[in-house]
Amino acid sequence: ISSDKDNSFISCFRLREEPLLALRRTCRLMLCAGEGPGSMRWSGANSWMTVVEREESGSAEKIMEERKALKGICKLPEPPTTSAWNQVSFPGLQHRMGIDFFHFSENYSRCPVGNNRSQMPVYLKSIELFNNRGLFLSWEAAAELRGVVDYLNEWNRLILYSDRKLKSAGGTKDLQLSPRLDNLEPRLWDSFRVLSTVDRRELCTLLLHRCDENQPSMTDTLERIEESIISLHLESSGENEDSFLTDAERMICSIGIVCQQVLLHRFEYISVIDIQSLVKRPWLRHLHFESVLAYIVWDCIDLLEKRKYHKLASQMLETILFGSTDVTSTSICGDHQKDLRNFVQLLLSRRVRGKAFVRLLIDKKHCIQQKNKDMKKRGKKSQTKPHPVDSFTTSNLPDIASTGALPFSFIRKLSRRIKLSLTQALANLCSLEVLELGIRLESQEVDKSRRKKDWEPIIDSSIANSISHETRTGSGKRCAYVSSEDNGDNLEHTRSLNVEELAIEEYASGRLPVEASGDSHLNDICVQHIGGWKGWHGEGVHVRALYRILCTNVLLGCRFDDENVGDLARCEELTTFLHAYQTAPLDLHVAHGVLKGEKLSTVTIRSFYERRRKCLDQFLSNVQAMSPQDVSDLVYDSILGRMNAVKATGKRMINNQLLCRDLKETRTLSMLGEACLIISFPLW
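Conventions we followed
Residues numbered from 1 in each chain as written. Predicted model: local features only at pLDDT ≥ 70, side-chain atom pairs only at ≥ 80, totals over all residues. Heavy atoms only, no water. Axes fitted to C-alpha atoms, helices over the stretch in contact; angles between N-to-C directions. Helix = DSSP H or I, 4+ residues; strand = E, 2+ residues; numbered from the N terminus. Parallel < 35°, antiparallel > 145°, perpendicular 65-115°, else oblique. Left-handed = near helix turned anticlockwise from the far one by under 90°. Contact = heavy atoms within 4.5 Å. Expected span 1.5 Å × (residues − 1). Buried < 20%, exposed > 50% of the residue type's maximum accessible area, 1.4 Å probe, protein only. Arc of directions from axis to C-beta. pLDDT = per-residue confidence, 0-100. Pairing = 2+ DSSP bridges. Salt bridge = Lys/Arg side-chain N within 4 Å of Asp/Glu carboxyl O.

### Points about the packing of helix α13 (residues 350–377) against helix α14 (residues 388–403)
Stage number 1. As a packed pair, α13 and α14 sit with axes 10 Å apart at the nearest point and diverge in direction by 160 degrees. As judged from the angle between their axes, α13 and α14 are roughly antiparallel. At the point where α13 passes α14, the crossing takes the right-handed sense. Here α13 contributes Phe 357, Leu 360, Leu 361, Lys 364, Lys 365 and Ile 368 to the contact with α14, which in turn contributes Pro 388, Val 389, Phe 392, Thr 393, Asn 396 and Ile 400.

### A short note on helix α6 (residues 197–208)
Stage number 1. Helix length check: α6, at twelve residues, gives a terminal C-alpha distance of 17 Å against a target of 16 Å (1.5 Å per residue), a fit within 8%.
Stage number 2. Three or more residues of α6 are buried, namely Asp 199, Arg 200, Leu 203, Cys 204, Leu 207 and Leu 208. Axial view of α6: buried residues confined to an arc of 155 degrees, hence all on one face.
Stage number 3. Close packing links the buried residues of α6 with α5 (133–170), α7 (219–231), α8 (247–269) and α10 (289–306).

### Quick word on the confidence of the model for the chain
Stage number 1. Predicted confidence across the chain gives a mean pLDDT of 78, with 76% of residues reaching 70 or more.
Stage number 2. Mean pLDDT across the secondary structure elements of the chain bottoms out at helix α19 (residues 520–528), with 55, and peaks at α10, with 94.
Stage number 3. Predicted confidence is poor over residues 234–239, with pLDDT under 50, and the contacts of this stretch with residues over four places away or in other chains come to 13 contacts.
Stage number 4. Taken as a whole, residues 329–336 scores under 50 in pLDDT and shows 24 contacts with residues more than four places along the chain or in a different chain.

### Notes on the sheet that holds strand β2 (residues 480–482)
Stage number 1. Reading across the sheet, the three strands line up as β1-β2-β3 and stay open at both edges, with antiparallel pairing between neighbours. In this open sheet, the two edge strands, each paired with only one partner strand, are β1 (466–467) and β3 (496–497).
Stage number 2. Both β1 and β2 contribute to a ladder of two bridges, which runs antiparallel. If you follow Ser 466 over to β2, its bridge partner there is Tyr 481.

### Some details on the pattern of salt bridges
When the charged atoms of two side chains with opposite charge come close together, those side chains can pair.
Stage number 1. This model, assessed by the stated rule, comprises 26 salt bridges.
Stage number 2. Notably, a salt bridge pairs Asp 274 with Arg 266, separated by 2.9 Å at the nearest N-O pair. Residues Asp 274 and Arg 266 agree in their burial class; the two are buried.
Stage number 3. Glu 318 is the partner of Lys 364 in a salt bridge, and the nearest nitrogen-oxygen pair spans 3.0 Å. On the criterion of sequence distance, the pair formed by Lys 364 in helix α13 and Glu 318 in helix α11 (residues 310–322) is long-range, its members being 46 residues apart. There is no split in this pair, since Lys 364 and Glu 318 are both buried.
Stage number 4. It is possible to trace a salt-bridge network through shared partners that takes in Glu 572, Asp 587, Arg 606, Arg 611 and Arg 612.

Here it is, written out as structure tokens:
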């Protein structure tokens, strides 16, 4: 709107979309960017919220049919709907109304944005969340699809649960779905049902054309999608029946196949700029539509394995792990398309990648077993040694260990799968996680059954006879033990103990701890503290709370002040806090890793600890030099400082449940701080 002073006319502008739709899109981006996808789940349901109003055909009739069929069993989830936005707790609103307190609001730095992009500093050019508008639209389409898949998985889980309940009540063991549930189907709009060729074509176009309008033709991709669908008999007719029990399972599998082929098409034509965008900021994977599609594919694996489609499951796992379905016994970071495989490696978290790699080995084994059965029927001999899956695992271990592609716990699982000890499996290999964390691979004791024994922690052992528990029967009952302490003639105080109470009694009586062979420091502690121990069963919650209280400001809230990194550290600081109401930095779960590529050369992924090493080492050194009383005072002052910060902002402290719990346990945590100083820090 212009004024009349400069002889201009009064005009108005037209919005490109409905204001409420634009507001929902903005809120979804803010919630996902700052807190991850978990903020998009509403009212306890396991699905993302949608931003587009859609009408369901025959919705009232379907709801009445569901209630009638599932009366007294369960209630099916609601499909993704915009009505859920009325139940969202927005962090900014919670902060302004004094309902909640956000500890890291001071760590957020506003990004200075100017009109002239050419004059912007280098680090400001590299902090854009999306390289172009097309990638943002593709992410929005993937987010909508994510909500559909979550709803279908939840709907299918409850339908199968209801089917088991009905069969159990009727005493039947039929493999088919109960007739009472056979007519039920998910309440979805037609554009996401993907049970027809037209719907799958529209979905594929929606995901790819928004990403890059100038990309090559998708004809081959669409043909591969239809070939995979037909091979599974998803469009069954006559005698061609598939193994799926519900239409929801068919939809999930169809969406998984579409996402897999879209990823393969995207990997073939992805640019170096898009690869570098994720490589430099792996903690922003949830804002890349390729990552959202990869997690959708991962959610389909369990269903495919239950329905015995191991070959398709293997192809999907190879896609999200290696970026290709043509994976032989080469290494993960082979000579072919190294930059692409580095990009694919970051689409999933290391924990999910470890699970996916283990599932890939199992599915490959099933495929080989089926192939051997077919060869045996034809009278041909099958290959037994060396096993192809073991060869595949052995060939990939060097790159897994040297790049940190999988957590060490999964390397242990892989070594057991190929029947080697950790020392043998990692012989002549450089494992990043072992070197960084100082993990011990073997024990000093030699086992006669094996030349080298994997390292095991020192365990205090005690022998006790268990008795049956009278209050619980069947599976899941806990063992009970008779107290060894002498209670005199007062038999009323004699009672059974669970295993945690028995352990506390053993330490109190002095029968534990035992001497630790090879560790003089632990032996000194054991000699000084024999008997008289007082403990409680907390599953480590108090120790974790203690380090959270002491290290929150130093560890999570520190700024990156490493002068040697320069613009890189500044870029990381601006992207780990995307708004002022985050509960933790986005790089909290980023681990150390190395990416080996051609155009990218060798890139080191700095871990959460590496960015804060200087502050953390200085803090631990200061705590180690403190006296027990100083540590106890530090715990008290840390809790008091948080309480004063909440009061200063006028927030309702009673709603901060974490702070209230710490206040109630201040004496316990202060006492525990002294014990940790005596035992833990000398072993650090």
